[in-house]
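So the chains spell out like this:
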Amino acid sequence: MPRILLVEDNEMNRDMLSRRLIRKGYDVVMAEDGRQGVELAGTALPDLILMDMSLPVIDGWEATRRIKASEATKAIPVIALTAHAMVGSQEHALDAGCDDFDTKPIDLPRLLGKIEALLQRGSAA
Amino acid sequence: MVEALAAAGLAPGGLGLPWHIAIDLAVIASVLAAGFLAVQVADTRSGQRIAASLAELSRREAELRATLENMQQGVAMYDADYRLVTWNRQFREYLDLPDEFLEGRRTFADYIRYLAERGEFGKISDIEALVAQRLEPLAREHWLERTRPDGTILEIYRNPIPTGGFIAIYTDVTARRQAEGLLRDEEERFRAIDRAAPIAVVIANAKDQRVRHVNPYFVEFFGLQEAHQIDGLDDYTVRRMAALSLLERPLAEVFPDPAQGQELAALLARGKTGRMDQELRFVRPDGKELWVAASLEQLEFRGEPAVIACLSDITDRKRAEVELTRAMQAAEAANRVKSDFLANMSHELRTPLNAIIGYSQMLQEQAADDGQDDYLADLAKIERAGAHLLQLINDILDLSKIEAGRMSVFIEQVSIPALVGEVQSIIEPLAAKNGNRFVVDCPPDIGSIDSDVTKLKQSLLNLLSNASKFTNNGTVQLAVSRAGSDADARAGSDADSQGGASADAQISFHVTDTGIGMTAEQMDRLFQAFAQADSSTTRRFGGTGLGLAITRHFARMLGGDVSVTSEPGIGSTFTLVVPVHDRSSPPPAEAAGEPKRTISGDAAGALTVLVVDDDEAVHDVVGAMLGRDGYRVLHARSGPEAMTLAREQRPDAITLDVMMPQMDGWTVLSSLKADAELRDIPVVIVTMLNDRAIALSLGADAFLSKPIDWAQLSAVLKQCSRHHAESILVVDDDPEMRDMTRRMLERMGITVHEAADGAAALAWLEANPRPSIILLDLMMPEVDGFEVLDRLRQSDEWSNIPVLVATAKAFSADELAQLQRSTEKIISKGATLGVDLRTAIREMLQRTQAIVGG
């Protein structure tokens, strides 16, 4: 059962996405801000991270940079969840070290496709 | 002949008659003289001679008769009995007299009676009274003028002749009287206009530029009547008197505003005519502002070349223009605020909407898993409604961003086949929903273009989803073609399809449907925001009505456009054209969050030093030395001159002598330091006195004693101007605050870099050499000031950059302690921020210099 770390400050988004992922059979851990996200990445060692970009304390880009800078967590694939209208945010996300991105609102089948692709790549490597 | 003339008392000029009448009289006199001659001849000559004389007489009479008949005037002569004896054709015609009357040896009384009965004098009740009245003046020379029933005006002159009788001469003066009437009309009209028209008129001689005429309104226009005001005089008279007083004055002097007077005079002197483009602003003696439009024309006045200027008051229009501009700016600002608000609000709107869509999707999944199919349809409706609302919000967001000028374009290489493939995969299911066939016609070798892929894709999706929506069981086609002069070049080089592309090459996307089509009227409004072809369309077909407006905006941002042809019932074709090479407008200069580097005035060039000394020798020496070292030197010989130059030129440093006449160095120094704009200019006191303490207490930045040690002065100036080498990174999310700070620091000669938030600041630090100081705001979105401090402390490279925190936040004791460990100084954003900031930065820069120097 792959473990996904969901870093999302909006309570409803967190609740929704986590429950849908759990229904799809994932083990979900959650963080509410960038700093927590970085900590949990190190302690819970998830198989994949879903990272919201606009987060309090430290934002998603910075959190991703730190995760990718740490030996213990740099191999964990990160999918950035970016707001629809923020032009250039995808590029920023990839610059920060994200492996893929998806736009909000979440289209679950599309997101699941990306999650599966990254997880398979991870297990194949 | 001459005697005869004299005898007849008809010598020309002798009567003071008008010349034309005098000449005519001379003719008549000669007729009379001939008569006397005939009588004399008859008395003294023999028969033979009489016969000859009679022949001569007959000839002369014929000549005289011919003369009489050809005169322009009517002539009638009456004998001593006042019987009509001689007349000419003109007389007969003027008065329309039948031959029977003329031949009947009628008297003048008969003549009057005849005319009166004929109605020549209008309705006359007592004809005999009229006759008496006309007979009365015949014994003396007299004039009269009367209008005949047919409207002709006759001037009648009657004069007794020595033989008894009198002569009457009739002149038709109708034309002359009419001309005089016209002239009089014209004069009255002119006088009325002169008095009433609100146009100031001045006529000036073109050569001597002196005033030949001004109208009374000119005086009122410029408020010049004051000096001519006399009790009891009406306004018009006062103005006319004032106008008269301006005659023969030089043109430039008659205007209340000498500068504008000169300008107008110069324009007149140039002989430029016609309506002037520029409008002149005058200030009247009473202080009122007056905007004037002038119309100039060359003319001849009193036989000399002159220029007339007609000036009209356009002050109200001018004020209205100013008001209008102000109102427009306010409206634009309000519109921007609205757009900003919408852009921000849209974000807020999307968050709850995402929850609605998300939870409805989740419940659908759950219901499907649990076999509760009853709920599925309703949950799908919630999701669809949410999705529609989201689309609306996204469109409004796009549009408001476009309107607020915050929509930027990201140009990159876009592969057309790849783009078309992606679009196809999205549109195919949409087209299929309405039973449509989706056909794509795109040459596989069409190549790529420089464009913004997101906007291009969104535009194509808009056009294609519209086509799919408005077409049922038909065909939706996307055809792509390349146009422009590189089409041939492309055919010849398949390796690099853009190799031969010319600047005007274009790609056209044609979206054709077999749907309901549109009328011309509907097409007109098609691309306007919030104007779907028919408002019921929104209800029938859904959609926001914004898609096409956005598409057109996008197309134009990309340097292209979108157009449409359509026929109701047959279908529509939308054509999106974009250039192959980027011709989009450059993105806005200041993208939010991007650090901006600004170099202050002369920082890049020579430094300016103002040398203030009353001793010319000092100017020579110091000027030469400073010039040699690459400084730009300004010279002031007195205190007031120094103040003026300092204000105008804002030098980078000032060297100031103390002992000067009029205004001494201490006064200059105090004035400089008391002026908020000038107090930051470093001042070096250069004096023979040993007054270092006074100098420094008054705020001098350095003190040197004369004679000047060049090395010392050079070192001091370098020290003073060193701030130029200093740079400060200003991190604040408030653009006004950044701007205010930047300008203040630049005045101190410091180079300023800006970052709009913590993330931008960190990014800037990574990409640039370290600044001398970081000026940091704490409350910022995303990465706040605390986080930046955190990162700086952790970094080896940045940990020792002094940080100055400027904040409006109130701190807890813990926060304060934490801040004090990691920052150099904390100042609060209050009323004295400017002063506090300047002082703090000075201190910090001096300390860093001390460290660097030491």
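Residues numbered from 1 in each chain as written. Chains lettered and ligands numbered in written order. Predicted model: local features only at pLDDT ≥ 70, side-chain atom pairs only at ≥ 80, totals over all residues.

**Points about the overall build of chain A**
At step 1: For chain A, the helix and strand inventory stands at 5 helices and 5 strands.
At step 2: Sequence-ordered secondary structure for chain A, helices as α and strands as β, is β-α-β-α-β-α-β-α-β-α.
At step 3: Within chain A, buried positions represent 41% of all 125 residues.
At step 4: Of the contacts formed within chain A by residues at least 6 apart in sequence, a portion of 56% connects residues at least 24 apart. (Helix = DSSP H or I, 4+ residues; strand = E, 2+ residues; numbered from the N terminus. Buried ≥ 20, exposed ≤ 12 C-beta atoms within 10 Å, placed from the backbone. Contact = placed C-beta atoms within 7 Å.)

**Regarding the overall build of chain B**
At step 1: For chain B, the helix and strand inventory stands at 29 helices and 29 strands.
At step 2: Counting across all 854 residues of chain B, residues that qualify as buried make up 30%.
At step 3: Here the analysis covers contacts within chain B between residues at least 6 apart in sequence; of these, 60% occur between residues at least 24 apart.

**Points about the nonpolar core**
At step 1: Within the largest apolar cluster, 69 residues are counted, with the highest numbers of intra-cluster contacts made by A:Ile49, A:Met51 and A:Ile79.
At step 2: Per-element tally for this core: the top contributor is helix α26 (residues 758-767) of chain B, with 6 residues.
At step 3: Ranked by size, the runner-up nonpolar core spans 36 residues in total, among them B:Ala431, B:Leu460, B:Leu463 and B:Val562. (Core = buried A, V, L, I, M, F, W, Y, C linked by C-beta atoms within 7 Å.)

**Digging into helix α22 (residues 665-674) of chain B**
All names here are of chain B.
At step 1: Those residues of α22 that sit buried are Gly665, Trp666, Val668, Leu669 and Leu672. What you see down the axis of α22 is that its buried residues fit within an arc of 160°, all on one side. Turned more than 90 degrees away from the buried face of α22 sit Ser670 and Ala674, all of them exposed.
At step 2: In this fold, the buried residues of α22 make contact with β20 (608-612), α21 (639-649), β22 (653-657), β23 (683-687) and α23 (692-697). (Arc of directions from axis to C-beta.)

**Notes on the sheet that holds strand β24 (residues 702-705) of chain B**
All names here are of chain B.
At step 1: Pairing in this open sheet of 5 strands is parallel, and the strands run β21-β20-β22-β23-β24 from one edge to the other. The sheet terminates laterally at β21 (632-636) and β24, the two strands that pair on one side only. Sheet twist, expressed as the mean angle between neighbouring strand axes with direction ignored, is 20°.
At step 2: In the sheet, β23 pairs with β24 via 4 bridges, with the strands oriented parallel. For Thr687, the partnering residue across the bridge sits in β24 and is Ser705.
At step 3: Contacts from α21 reach β20, β21 and β22, with the element oriented near 170° to β20. (Pairing = 2+ DSSP bridges. Axes fitted to C-alpha atoms, helices over the stretch in contact; angles between N-to-C directions.)

**Comments concerning the sheet that holds strand β2 (residues 27-31) of chain A**
All names here are of chain A.
At step 1: Within the open sheet, the 5 strands sit side by side as β2-β1-β3-β4-β5. Their pairing is parallel. Single-partner strands in this sheet number two, and they are β2 and β5 (100-103). Sheet twist, expressed as the average angle between the axes of neighbouring strands with direction ignored, equals 20°.
At step 2: Where strand β3 (residues 48-52) and strand β4 (residues 78-82) come together, 4 bridges link them in parallel fashion. Its bridge partner being in β4, Met51 is matched across the sheet by Ala80.
At step 3: In the packing of helix α3 (residues 60-69) onto the sheet, the strands contacted are β1 (3-7), β3 and β4, and the crossing angle to β3 comes to about 155°.

**Observations concerning the interface of chain B and chain A**
It is common to give the size of an interface as the accessible area lost on bringing the parts into contact.
At step 1: Across the boundary between the two partners, chain B contributes 19 residues, which contact 19 residues of chain A.
At step 2: Secondary structure elements with two or more residues in the side of chain B that touches chain A: α12 (315-370) and α13 (376-403) of chain B.
At step 3: No other element matches the 9 residues that α12(B) contributes to the side of chain B that touches chain A.
At step 4: Here the residues of the side of chain B that touches chain A sort into 9 nonpolar, 7 polar and 3 charged. (Nonpolar A, V, L, I, M, F, W, Y, C, P; charged D, E, K, R; others polar.)

**Some words on the packing of α26(B) against helix α27 (residues 785-794) of chain B**
Residue and element names in this part refer to chain B.
At step 1: At their nearest, the axes of α26 and α27 sit 9 Å apart, and the two run at 25° to each other. The orientation of α26 with respect to α27, classified from their angle, is roughly parallel. Residues Gly758, Ala761 and Leu762 of α26 form the contact with α27, whose own contacting residues are Gly785, Glu787, Val788 and Arg791.
At step 2: Classifying every residue of the contact of α26 with α27 gives 3 nonpolar, 2 polar and 2 charged. (Parallel < 35°, antiparallel > 145°, perpendicular 65-115°, else oblique.)

**Considerations on the confidence of the model for chain B**
Residue and element names in this part refer to chain B.
At step 1: Of the residues in chain B, 81% have a pLDDT of 70 or more, and the chain-wide mean is 78.
At step 2: The model gives residues 850-854 a pLDDT under 50, and that stretch makes 0 contacts with residues more than four places away or in other chains.
At step 3: Quick note on the complex model: pTM equals 0.38, ipTM equals 0.71. (pLDDT = per-residue confidence, 0-100.)

**Regarding the environment of B:Asn394**
At step 1: Examined against the element boundaries, B:Asn394 turns out to sit in helix α13.
At step 2: Residues B:Asn394 and B:Leu546, spaced 152 residues apart in sequence, show a C-alpha to C-alpha distance of 10.0 Å.

**What about the pairing of strand β25 (residues 727-731) of chain B?**
All names here are of chain B.
At step 1: The buried count for β25 comes to 4 of 5 residues, which makes it a mostly enclosed element.
At step 2: By the bridge criterion, 5 bridges tie β25 to strand β26 (residues 751-755) in an arrangement that is parallel. Across the sheet, Val730 pairs through a bridge with Glu754, a residue of β26.
At step 3: Note that β25 and strand β27 (residues 773-776) share 4 bridges and pair parallel. Each residue of the ladder has a partner; that of Val731, found in β27, is Leu776.

**Quick look at helix α15 (residues 453-469) of chain B**
At step 1: Over its 17 residues, α15(B) extends 24 Å from the first C-alpha to the last, a length consistent with the 24 Å expected when each residue adds 1.5 Å.
At step 2: Taken together, the buried positions of α15(B) are B:Lys455, B:Leu456, B:Ser459, B:Leu460, B:Asn462, B:Leu463, B:Leu464, B:Asn466, B:Ala467, B:Ser468 and B:Lys469. (Expected span 1.5 Å × (residues − 1).)

**Details of unusual backbone geometry**
Most peptide bonds are trans, and most residues other than glycine sit at a negative phi.
Residue and element names in this part refer to chain B.
At step 1: Backbone geometry places Arg302, a non-glycine residue, at a positive phi of 50°.
At step 2: Within the fold, Arg302 resides in the loop between β10 (289-301) and β11 (304-313).
At step 3: Assessed through the 9 C-beta atoms surrounding it within 10 Å, Arg302 is described here as exposed.
At step 4: One non-glycine residue with positive phi stands out, namely Arg650, at about 45°.

**Examining the packing of α21(B) against α22(B)**
All names here are of chain B.
At step 1: Relative to each other, α21 and α22 sit at 25°, their axes nearing to 9 Å. The orientation of α21 relative to α22 falls into the category roughly parallel. Between α21 and α22 lies a crossing of right-handed hand. Of α22, the residues touching α21 (which contributes Gly639, Ala642, Met643 and Ala646) are Thr667, Val668, Ser671 and Leu672.
At step 2: A breakdown of the residues in the contact of α21 with α22 according to their chemical character gives 5 nonpolar, 3 polar and no charged. (Left-handed = near helix turned anticlockwise from the far one by under 90°.)

**Thoughts on the pairing of β27(B)**
At step 1: Burial along β27(B) is two-sided: B:Ile773 and B:Leu775 facing one way and B:Ile774 and B:Leu776 facing the other are all buried.
At step 2: Handedness of the crossover joining β27(B) and strand β28 (residues 803-807) of chain B through α27(B) is recorded here as right-handed. (Right-handed = clockwise from strand over helix to strand, strands pointing away.)

**Brief notes about the environment of B:Thr807**
At step 1: Inspection of the secondary structure puts B:Thr807 in strand β28.
At step 2: With 22 residues separating them in the primary sequence, B:Thr807 and B:Gly785 have C-alpha atoms 9.6 Å apart.

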